[in-house]
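Residue-level structure breakdown
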Amino acid sequence: ADGQMAMTARQLLSILRLGQALARLRFSDVVAREDVDEAIRLTHMSKASLTEEENTGGGGLLRGAGTSGGGGPGGGGQQRRGEDVTSRIFHVLKDYAAASRSTKVELKLCEAMVLRKGFTSLQLRTCLEEYEALDVIQRNATGTHVIFNC
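Residues numbered from 1 in each chain as written. Predicted model: local features only at pLDDT ≥ 70, side-chain atom pairs only at ≥ 80, totals over all residues. Heavy atoms only, no water.

1. Some details on helix α1 (residues 9-25)
Helical geometry note: an α-helix holds 3.6 residues per turn, so side chains three or four residues apart project in the same direction. Condition: Secondary structure elements are taken from DSSP: a helix is a run of H or I of four residues or more, a strand is a run of E of two residues or more, and numbering for both begins at the N terminus. Multiplying 1.5 Å by the helix residue count minus one yields the expected span of that helix. Exposure classes here rest on a 1.4 Å probe applied to the protein chains alone. A residue is buried below 20% of its type maximum, exposed above 50%, and partly exposed in between. Along the arc lie the directions from the helix axis toward the C-beta atoms.
The end-to-end C-alpha distance of α1 is 24 Å, a good match for the 24 Å that 17 residues give at a rise of 1.5 Å each. Among the residues of α1, those classed as buried are I15, G19, L22 and A23. Buried residues along α1 cover an arc of 100 degrees about the axis, so they all sit on one side. Opposite the packed face of α1, turned more than 90 degrees from it, sit the exposed residues A9, R10, R17, R24 and L25.

2. What to know about the pattern of salt bridges
Quick note on the threshold: For this document, the term salt bridge refers to a Lys or Arg side-chain nitrogen within 4 Å of an Asp or Glu carboxyl oxygen.
Scanning all chains against the criterion turns up 3 salt bridges. The shortest N-O distance in the salt bridge between R26 and D35 comes to 2.5 Å. For D35, a relative accessible area of 2% translates into the label buried. With its nearest N and O atoms 3.0 Å apart, the salt bridge here joins R139 to E132. Since its relative accessible area comes to 29%, E132 is described here as partly exposed.

3. What to know about the nonpolar core
What counts, and what does not: Note on terminology: a nonpolar core comprises buried Ala, Val, Leu, Ile, Met, Phe, Trp, Tyr and Cys residues joined through side-chain atoms within 4.5 Å. Contacts between residues were defined by any pair of non-hydrogen atoms, one from each residue, lying within 4.5 Å.
I89, L93, V105, M113, I137 and F148 are the most contacted members of the largest nonpolar core, which has 19 residues in total. Elements with a minimum of two residues in this core: α4 (85-99), α5 (107-116), α6 (121-133) and β3 (145-148). In terms of residue count, the dominant contributor to this core is α4 (6 residues). With residues up to four places along the chain from it excluded, the contact list for V105 reads Y96, A97, C110, M113, T144, H145, V146 and F148.

4. Some thoughts on the packing of α4 against α5
Which entries qualify depends on this criterion: Lines are fitted to the C-alpha atoms to define the axes, a helix being fitted only along its stretch in contact, and any angle between axes, read from their N-to-C directions, falls within 0 to 180 degrees. When an angle is under 35 degrees it counts as roughly parallel; over 145 it counts as roughly antiparallel; between 65 and 115 it counts as roughly perpendicular; any other value is oblique. Definitions for this section: a left-handed crossing has its near helix turned counterclockwise from the far helix by less than a right angle. A right-handed crossing has that turn clockwise.
Remark: α4 packs on α5, axes separated minimally by 10 Å, with the N-to-C direction vectors making an angle of 125 degrees. Regarding the angle of α4 to α5, the classification is oblique. The element α4 and its partner α5 pack so that their crossing is right-handed. Side by side, α4 and α5 meet where I89, V92, L93 and Y96 of the first sit next to L109, C110, M113 and V114 of the second.

5. Some remarks on the confidence of the model for the protein chain
Applied cut-off: pLDDT gives the predictor's per-residue confidence on a scale running from 0 to 100.
On average, residues of the protein chain score 79 in pLDDT, and 75% of them are at 70 or above. No element of the protein chain has a lower mean pLDDT than helix α3 (residues 60-64), which averages 37, and none a higher one than β3, which averages 94. Every residue in residues 59-78 is under pLDDT 50, and counting partners more than four places away or in other chains gives 42 contacts.

6. Section: the packing of aromatic side chains
Just so we agree on the cut-off: Side-chain rings of Phe, Tyr and Trp, where Trp is taken by its six-membered ring, are said to pair if the distance between their centres is within 6.5 Å; with planes under 30 degrees apart they count as stacked, over 60 as edge-to-face, and otherwise as tilted.
Considering all chains together, one arrives at 2 aromatic pairs under this definition. Between F90 and Y131, the aromatic rings sit 4.1 Å apart at their centres with planes inclined by 10 degrees, giving stacked as the arrangement. Note that F90 is positioned in helix α4 and Y131 in helix α6, a separation of 41 residues in sequence. Grouping residues by exposure puts F90 and Y131 together as buried. Ring geometry for F90 and F148: centres 5.9 Å apart, planes at 55 degrees, overall tilted. Of the two residues, F90 is situated in helix α4 and F148 in strand β3; the sequence distance between them amounts to 58 residues. An identical accessibility class is assigned to F90 and F148; each is buried. Chaining the aromatic ring pairs together yields one cluster made of F90, Y131 and F148.

Encoded structure:
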């Protein structure tokens, strides 16, 4: 009831293998926390698409492509109804900061997350500029980290 689900050994192995594959895509020998987070997200989205398919009578995998997950330009994870690209990017960054229990996120990591979700570097820069103007975020003096003020 609190968002936790039981997992089988097979599901844990699939998350492990997905995390390893994501690390290899980055040409890394080390699986980072972000790789595991993305593997878990992919697993949840896969389960969600199966549930959607059952509820709608089929076709959930094809219909869901491009609107959830990283598929399609600006896909940006789960589609938030009525939100523009800038807001969706901000929520990707804010959700990560909340999950990592930090108000400070490295800019390179932000860019990697946003690109993986199907957004562009230009869209990220636009998002950061807009939210800086609103004084919701700021960048440190060297411009290497994003700091959330809220």
